[in-house]
Amino acid sequence: MYAWHAFRKFVMRLQHAILWGISVAGCNKGLKIHLCITQSAAARLLERVQEFLRFKRESSTERTMKLDWSENYSYPNSAFIGVDPHSGSNNIDHRTSEISLKELIVRRGQPFKFTLKLAKPFNPAFDELIMTVKTGDHPSEDLGTMSRFGVPDKVQRLPSAKAVWKAELQRSTAPATGILTLSITPSVDSPVGEYTMSARLGEEERALANLSVLFNPWCPGDMVFMPDEVERKEYVMNEQGIIYKGVDNYISPIHWDYGQFEEDMVSICVKILDCSIKHKQDPAKDVSARCNAIYVSRVITSMINSENEGGILKGNWGNDFRGGVPPTHWSSSYPILKQWFNACFCSVKYGQCWVFSGVMCSVMRLLGIPCRVVTNYQSAHDTNKNLTVDTYFADYGVREKESKDSVWNYHVWVEGWMRRPDLAKDGRYDGWQVLDPTPQEKSDGMFCCGPAPVSAVRNGDTHLKYDVPFVFAEVNADCITWLVKRDRSKVKIHSEDHRIGQSISTKAIGTSKRMDITDSYKQKEGTKQERTVFQYALSRVEEGGEGETCIIGEKVENGTTDTNNGSIEATTQPEEQICSPTPPPQLFIRFEEVSRPVNGEDVSVRLVLNSDSKVVRLLSINISVQAMRYTGRPAGNILANSTEQQLMPGRDLIIPILVPYSRYQKLMIDCESMNIAAMVTDQRKKNHVFLAENRIVLMNPPIVITVQGEGRVNKEITVEVLFMNPLNEILRNCSLTLSGSGLLREELITKVPDLPPKNRVRVMFAVIPYRSGERTLLVDFDCASFRDIKKSSTVIIRP
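Now for a description of the structure that goes with this document. Here the structure is a predicted model, which is why all the values come from computation and not from measurement. (Residues numbered from 1 in each chain as written. Predicted model: local features only at pLDDT ≥ 70, side-chain atom pairs only at ≥ 80, totals over all residues. Heavy atoms only, no water.)

When two helices pack together, their arrangement is given by the angle between their axes and by how far apart the axes lie. The geometry of helix H5 (residues 265–274) relative to helix H9 (residues 334–342) is characterised by a closest axis approach of 10 Å and an angle of 65° between their N-to-C directions. Of the possible angle classes, the one that applies to H5 and H9 is roughly perpendicular. Note that H5 runs across H9; the crossing there is left-handed. Side by side, H5 and H9 meet where Met265, Ser267, Ile268, Lys271 and Ile272 of the first sit next to Tyr334, Leu337, Lys338, Trp340 and Phe341 of the second. Residues that form the contact of H5 with H9 fall into these classes: seven nonpolar, one polar and two charged. (Axes fitted to C-alpha atoms, helices over the stretch in contact; angles between N-to-C directions. Helix = DSSP H or I, 4+ residues; strand = E, 2+ residues; numbered from the N terminus. Parallel < 35°, antiparallel > 145°, perpendicular 65-115°, else oblique. Left-handed = near helix turned anticlockwise from the far one by under 90°. Contact = heavy atoms within 4.5 Å. Nonpolar A, V, L, I, M, F, W, Y, C, P; charged D, E, K, R; others polar.)

Structural data, given as structure tokens:
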């Protein structure tokens, strides 16, 4: 309590600093805060602090309004004696009991039970009970943010009234006793959020209760209706998931804890909407628009990142994470959301695409919008909307030039399930919609992306909203590779129309297996249909959306392609010209692993060359190895070698490539993959240049988790974590982080002593589960030599 008053005192000092333009330092017994900030920054901070204080006061007021039979509800001569919102049974029926059994949380379009106890008998023939529900600070029947309904319903409403609720007396009720058991149904078009409910009988009106209303994927009338119960369990109710990282030939799954039913998640998610730019510009209109999942999901994409004021996560794609933690630290959404909620809604540091998407999936599932996380490998970032991505190499094989376009090893977004009546009445664009919370490009003046119908992406309907051209390019852009010579001239050495959009992945329903959904985004590579859709999509982009919709009616199965090898005779075509399809290569290049690449050990691969030529070929071979960020940007050069070799007819030319641990150690600490590139030039025909690339993901040392004891709610279990140092050097700055919804209410971080070479550490943790069901315990080991090694274990908790 003292710390809270100290905090308020600090706010007053901050106000004084803004007036006088001086730095601020607050230091009190219960609270220590040190700031040295500009006047404008202080003003922004004060605005957030005041909003936080206002929110706390409002929350406190709302808590005092939550009434039940145990409270002294009646007043002298009051018509109302008590209420029972039946929160426990209602929440079970509405599938919100995992969130709370005490707070009433219902889904729109579905009735819930509510009991009123009156001081005298109720006669429906003469008496009328008028009930009112409100949400937001500017409730209005015309906007659908207020609804008046009666028992019996004789309420006079304007024809413009939206989202009208209804109430009926249940058959088992006994009005003559003054006890009314009502069945109340929120409109299927009600805005989601927090509501107050009141009732009027005669001349007296009383507040009854607070409740929260969510989207309802179980209701056929709701725009997020999902007909399959198995899918609803996976995409709405499942708190654990898997996010895929790595590269397309080294797909790496990591377990992610969504924790959408943890404490305060309803308040957190509603507050996310309240902090949006849309809400600040027009609160009444914004709250009204929350009836629409299209609008709500788009607002969420803008609020997950901090590029828009008040966002949850600050992105960082560098290697300086001071003031926060590296994005690789996170394994759960709830610690991020809780930190944002408890810190005056200041952005949490730091996140990258999979973290943004994991957090967004948690918010969407809590609000009732079916959602899944999707990974696209070889994901294009097309900055100029020409559906083409250019990459550059120097003549010794190293990526040479920073391009505004890029190809990420992978990129992660989410899909939300909803109808799209704004695009077509026949439902052709209903279903999964791409939503990308990672701040890449602005859309309507904000960093947000989607919802873009997956079906529109597949058909090349780039004229449709929202952001379909950008998503289409991410999965289907053409790639052109340029050779930059020493005189800075450029020649085109490679063109690919099948590289982008590989192994598009999401967690399978009900299992931990990976599901490939590439065929839902694009036609099969190499087919006439694929080229037809691409040209149509390009024409719609160039025409600015004019023309008819292209529909490919054929069922096209997904295929796989080899994207490592390729060669094109060098040309001097202008940079802006898109090259013609690649002729068959006369030189075949591939990489072979000698052994599985392991982090902490030397990496050994072989470059194998073969030609169908009948003559000896003299080749100049330039090999480079670079540490690569997952965004496709090189972080540094590990090694480079050059050699001249003869390729004999009918024989393989094998060139060993050894990458010592000592060479890659420092550069690979903050990188997820290394890129091995071979630039091969025919010495007798020097305009024949060939390029091959191979991406390698290093396998991390293992972590062993052992859970001891019977898993029961509120009964302690013991978790043992074992890790061995595989290196010949000391591991320093070691720590273990444990998390998992239903098991730990917050992250448990333990510092671990420096670990000598070839030694192991065993750490014991006491965990007291607080929710039953199948839970996932997540462990993260971090040190100066290995960044955030992950491991998970499934734990069954009984009631």
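A word on the sheet that holds strand E26 (residues 514–516). Strands sit in the order E22-E19-E18-E16-E25-E26 across an open sheet of six strands; the sheet is antiparallel. Looking at which strands have only one partner, the edges of the open sheet turn out to be strand E22 (452–453) and E26. Direction of pairing for strand E19 (residues 431–435) relative to E22: antiparallel, over a ladder of two bridges. In the strand pairing of E22, glutamine 433 is matched with proline 453. Strands in contact with helix H10 (residues 353–367) are strand E16 (371–381), strand E18 (406–418) and E19; relative to E18, the strand with the most contacts, it is inclined by about 0°. Lying over the sheet, helix H12 (residues 468–476) contacts E16, E18, E19, E22 and strand E25 (502–507), oriented at roughly 70° with respect to E16. (Pairing = 2+ DSSP bridges.)

Turning next to the pattern of salt bridges. Side chains that differ in charge, positive against negative, can pair when their charged atoms come close. By the definition in use, this model includes 40 salt bridges. Arginine 372 serves as the salt-bridge partner of glutamate 415, at 2.7 Å between the closest nitrogen and oxygen. Note that glutamate 415 is positioned in strand E18 and arginine 372 in strand E16, a separation of 43 residues in sequence. Considered together, glutamate 415 and arginine 372 belong to a single accessibility category, that of buried residues. Across the salt bridge formed by arginine 514 and aspartate 516, the nearest N and O atoms sit 3.6 Å from each other. In this structure arginine 514 comes out as partly exposed when scored by relative accessible area, which is 35%. (Salt bridge = Lys/Arg side-chain N within 4 Å of Asp/Glu carboxyl O. Buried < 20%, exposed > 50% of the residue type's maximum accessible area, 1.4 Å probe, protein only.)

This part covers the packing of aromatic side chains. Applying the stated rule across the entire model yields 16 aromatic pairs. Here the aromatic rings of phenylalanine 321 and tyrosine 350 are separated by 5.9 Å at their centres, their planes lie at 55°, and the arrangement is tilted. Residue phenylalanine 321 is located in the loop between strand E14 (313–315) and H9, and its partner tyrosine 350 is located in strand E15 (residues 348–351); the two are separated by 29 residues in the primary sequence. Like phenylalanine 321, the residue tyrosine 350 is buried in the burial classification. For lysine 245, the ring lying beneath its charged end belongs to tryptophan 354, and the centroid distance is 3.7 Å. Lying across the ring of tyrosine 770, arginine 745 places its NZ or CZ 3.9 Å from the centre. (Phe/Tyr/Trp six-rings, centres within 6.5 Å; stacked < 30°, edge-to-face > 60°. Lys NZ or Arg CZ within 6 Å of the ring centre and 35° of its normal.)

Attention now moves to the environment of aspartate 142. Along the polypeptide, aspartate 142 turns up in the loop between strand E6 (129–135) and strand E7 (146–151). Using a relative accessible area of 35% as the deciding quantity, one classes aspartate 142 as partly exposed. C-alpha of aspartate 142 to C-alpha of alanine 163: the two residues are 21 residues apart in sequence and 8.8 Å apart in space. In terms of polar contacts, aspartate 142 uses its side chain to reach the side chain of serine 160, at 2.6 Å. (Polar contact = N/O pair within 3.5 Å; in protein donor to acceptor, adjacent residues only side chain to side chain.)

It is worth spelling out H12 at this point. Across the nine residues of H12, nine count as buried, placing the element largely inside the fold. Buried within H12 are the following residues: Val468, Pro469, Phe470, Val471, Phe472, Ala473, Glu474, Val475 and Asn476.

Here we take up the environment of phenylalanine 321. Residue class for phenylalanine 321 comes out buried when judged on its relative accessible area of 14%. In this structure, the C-alpha to C-alpha distance between phenylalanine 321 and tyrosine 350, residues 29 residues apart in sequence, is 7.3 Å. Excluding residues that lie within four positions of it along the chain, phenylalanine 321 makes contacts with Asn316, Pro326, Pro327 and Tyr350.

In short, geometric facts, not functional conclusions.
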